[in-house]
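# Understanding the architecture of this molecule
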Amino acid sequence: MRAGKRKRRGKKVDTSKVEFKVAKKRGRTVVTAEKQQQRSKAQIEEEIKKLKDAKQASAKSKARRRKQPEPIQNRKQLDYLPVEAGMRKDHEAKMAQREATRAEREERRARRQEARETKERLGKEEVSLQDVLGGDFFGGDGIAPDL
């Protein structure tokens, strides 16, 4: 009859907060326990507050350092991306190119208009089905057979 393993975890003495002192008294080794001073809740909270303030100050300091401009030797020189002519000259070149292709554009526009008119004209034209499909499609009398 076994009831399972005994749980001893809660029964053992917590020795993490106790310091032991080993000494010899008249040839015998004696171990004495000296309790450590435990800090109060207020002291712990005060330390946490100090750490938070230090972290906040560190973050602000880093932010200030990141905002600093680059050192002079690492800056780009003034003519790094030079402008050759400027906006006015660019506009003039663009207008000249547009003027050069004007004839092509007008030709394309005229071709499209002509194709549109041809399509409309052919769409309005009346067509005889007998002529298009042939006389034998409808039969000898010109009437479609009943199936």
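Keep in mind that this is a model prediction, so the values were computed, not measured. (Residues numbered from 1 in each chain as written. Predicted model: local features only at pLDDT ≥ 70, side-chain atom pairs only at ≥ 80, totals over all residues. Heavy atoms only, no water.)

## Some points on the overall build of the protein
A tally of regular secondary structure across the protein gives five helices and two strands. Mapped in sequence order, the helices and strands of the protein form the string β-β-α-α-α-α-α. Once the C-alpha set of the protein is aligned to its principal axes, its extents read approximately 140 × 80 × 30 Å. Counting every position in the protein, which comprises 147 residues, the buried fraction comes to 3%. As displayed, the protein offers around 15,800 Å² of accessible surface, 52% of which is attributable to carbon and sulfur atoms. Across the protein, the 43 positively charged side chains and the 25 negatively charged ones have centroids separated by 32 Å. (Helix = DSSP H or I, 4+ residues; strand = E, 2+ residues; numbered from the N terminus. Buried < 20%, exposed > 50% of the residue type's maximum accessible area, 1.4 Å probe, protein only. Areas by Shrake-Rupley, 256 points an atom, 1.4 Å probe, with all protein chains shown as cover. Lys, Arg positive; Asp, Glu negative; His and termini not counted. Charge placed at Lys NZ, Arg CZ, Asp CG, Glu CD.)

## Observations regarding the pattern of salt bridges
This model, assessed by the stated rule, comprises six salt bridges. Ionic contacts of the salt-bridge type, sharing partners, join the residues Arg88, Lys89 and Glu92 into one network. (Salt bridge = Lys/Arg side-chain N within 4 Å of Asp/Glu carboxyl O.)

## A closer look at the confidence of the model for the protein
Any segment with low pLDDT has predicted coordinates that should not be analysed in fine detail. Of the residues in the protein, 93% reach a pLDDT of 70 or more, and the chain-wide mean stands at 85. Across the protein, element-level confidence peaks in helix α1 (residues 41-67) with a mean pLDDT of 96 and bottoms out in helix α5 (residues 135-138) with 72. (pLDDT = per-residue confidence, 0-100.)

## Looking at a nonpolar patch on the surface
The grouping of Val127, Leu129, Val132, Leu133 and Phe137 at the surface amounts to a nonpolar patch, some 510 Å² of accessible area in total. For the nonpolar patch, the element with the highest residue contribution is helix α4 (residues 129-133), accounting for three residues. For Leu133, the position within the fold is in helix α4. Given a relative accessible area of 41%, Leu133 falls into the partly exposed group. (Patch = residues over 30% accessible without salt bridge, like charges linked within 9 Å, V, L, I, M, F, W, Y side chains within 5 Å.)

## Some points on a positive patch on the surface
On the surface, Lys5, Arg6, Lys7, Arg8, Arg9, Lys11 and Lys12 cluster together into a positively charged patch. Structurally, the position occupied by Arg8 is in the segment before β1 (18-25). You can call Arg8 partly exposed: its relative accessible area is 48%.

## Observations regarding the pairing of strand β2 (residues 28-35)
Within β2, only zero of the eight residues are buried, which leaves the element largely exposed. Note that β1 and β2 share eight bridges and pair antiparallel. Directly across from Lys25, in β2, lies its bridge partner Arg28. Two successive antiparallel strands, β1 and β2, enclose a turn made up of two residues, where Arg26 displays a positive phi of approximately 50 degrees. (Pairing = 2+ DSSP bridges.)

## Some remarks on the environment of Lys55
Relative to the helices and strands, Lys55 resides in helix α1. Under the relative-accessibility criterion, Lys55 is labelled exposed at 65%. Sequence separation between Lys55 and Leu133 is 78 residues, and the spatial gap between their C-alpha atoms is 92 Å.

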